[in-house]
Amino acid sequence: MKHLRTVAWAGITVAALTATTACSADTAKKTADAVGHAGSVMAALTRASDKASGLGSAEVETTTVLTAAGGRPVAMNGTYSWGDGAAMDVEMDTANAKMSTLQDDPTMQVKMVDGAYFYEIDPQPSGPLKGKHWMRIDVSAVMGEAGADNIADNADPTAGLRYIGASKNVKEVGEESVRGKKAVHYRGSIGADQVNSSSKFSAAEKKAALKSLAAGGGRLTYDVWVDGDDLPVRMKQQGGGMDVTMDFLKFGAAKPITAPPASDTGDLTDEVKKQRGQSLGQ
């Protein structure tokens, strides 16, 4: 079992923590109505939220800088899908995610589907991963039950559109060029007081947001760039122990994301539950 314990906790959680930026964008309009400030800005963000949510999927390029992983940027590029439940299929930087003990290739495929994460690995010589090409971990083992419920119920990766909508100080920064497109840059931040006072977040969302805020010094900052088609081109989140930059290359028309064959998959859910419990002092 020694090789299992060499699986870095930070590496396992990179994909999971990036996925926690996902929450429902179809409620952003309600949030905008409740906030009642900066009407034109909120209208623009609501249009972007509604349009992106309706398209159901996107091809993305994401860079995550996670304090727990030593501050090295981890690239994750691929597809997010939220039209029929939360799912993703991405290629992740193996070395910077500290997963090289399980994968020799410079990138590893990571899927989230059917309530679990699947990591493409090299077959191991012994243990649950012996001869297997995939490692399976329940989302709840990594994120906890509340985090898993939040991901399952709110799969849209354009979460910043909603959180920026709950901000008391959202503003329009100006027009900028992003990936060759003209886009309007918006910025807002949110703290525990705004999370607690909002009636537009579910109990699970509040719990997850407050935990993230506590880890990140009390505030999360969101930036979003919206193009002339009312779609986000780039989103950034800072706080909660991580910086995430997500570029949207294309919306819609994603292929279905399916789990790897069970016969070629080793389950490490119990092992990760133990590691998570130890890291949380449980």
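Residues numbered from 1 in each chain as written. Predicted model: local features only at pLDDT ≥ 70, side-chain atom pairs only at ≥ 80, totals over all residues. Heavy atoms only, no water.

Across its full length, the chain carries nine helices and twelve strands. For the chain, with 282 residues in total, the buried portion stands at 52%. By sequence separation, contacts in the chain at least 24 residues apart represent 61% of the contacts at least 6 residues apart. (Helix = DSSP H or I, 4+ residues; strand = E, 2+ residues; numbered from the N terminus. Buried < 20%, exposed > 50% of the residue type's maximum accessible area, 1.4 Å probe, protein only. Contact = heavy atoms within 4.5 Å.)

Ordered in space as β7-β8-β9-β10-β11-β1-β2-β3-β4-β5-β6-β12, the twelve strands form an open sheet in which the pairing is mixed. Each edge of the open sheet carries a strand with a single partner, namely β7 (171-178) and β12 (265-267). Sheet twist, expressed as the mean angle between neighbouring strand axes with direction ignored, is 20°. (Pairing = 2+ DSSP bridges. Axes fitted to C-alpha atoms, helices over the stretch in contact; angles between N-to-C directions.)

This next bit is on the pairing of strand β9 (residues 219-227). Across the nine residues that make up β9, a large majority, seven, are buried. A loop of four residues connects β9 with strand β10 (residues 232-239), the two strands running antiparallel in sequence, and Asp-230 in this loop sits at a positive phi of about 60°.

Quick look at the packing of aromatic side chains now. Under the counting rule described, the total for this entry stands at two aromatic pairs. Relative to Phe-251, the ring of Phe-248 lies with its centre 5.2 Å away and its plane at 15°, an arrangement referred to as stacked. The same class applies to Phe-248 and to Phe-251, which are both buried. (Phe/Tyr/Trp six-rings, centres within 6.5 Å; stacked < 30°, edge-to-face > 60°.)

With that out of the way, let us pick up the confidence of the model for the chain. Per-residue confidence for the chain averages 78 on the pLDDT scale, and 68% of its residues sit at or above 70. Between the elements of the chain, mean pLDDT differs from a low of 42, seen in helix α3 (residues 28-35), to a high of 96, seen in β12. Counted against residues more than four places away or in other chains, residues 1-10, with its pLDDT under 50, gives 27 contacts. pLDDT under 50 marks residues 22-37. Its contacts with residues more than four places away, or in other chains, come to 46 contacts. (pLDDT = per-residue confidence, 0-100.)

Here the structure, examined in full by the defined rule, presents eight salt bridges. Ionic pairing is found between Asp-230 and Arg-47, a salt bridge with its closest N-O pair at 3.6 Å. Taken together, the positions of Asp-230 in the loop between β9 and β10 and Arg-47 in helix α4 (residues 39-55) put the pair 183 residues apart, joining distant regions of the chain. For Asp-230, a relative accessible area of 25% translates into the label partly exposed. (Salt bridge = Lys/Arg side-chain N within 4 Å of Asp/Glu carboxyl O.)

In this section: the environment of Pro-123. Inspection of the secondary structure assignment puts Pro-123 in the loop between β5 (116-120) and β6 (134-138). Sequence separation between Pro-123 and Thr-265 is 142 residues, and the spatial gap between their C-alpha atoms is 9.9 Å. Look past the residues within four positions of Pro-123 in its chain and what remains in contact with it is Leu-129, Gly-131, Lys-132 and His-133.

Taking 1.5 Å per residue as the helical rise, α4 with its 17 residues ought to reach 24 Å, and the 25 Å between its terminal C-alpha atoms agrees with that figure. Within α4 the residues assigned to the buried category are Val-41, Met-42, Ala-44, Leu-45, Thr-46, Ala-48, Ser-49, Ala-52 and Ser-53. Where α4 ends, the next residue or the one after it, Gly-56, has phi of about 80°, a positive value. (Expected span 1.5 Å × (residues − 1).)

It is worth spelling out the nonpolar core at this point. Judged by nonpolar contacts, the single largest core of 48 residues is most densely connected at Leu-45, Met-92, Tyr-119 and Met-135. Here this core takes six residues from α4, the largest share from any one element. Grouped together as the second largest cluster of nonpolar side chains are six residues, Ala-87, Val-113, Phe-118 and Trp-134 included. (Core = buried A, V, L, I, M, F, W, Y, C linked by side-chain atoms within 4.5 Å.)

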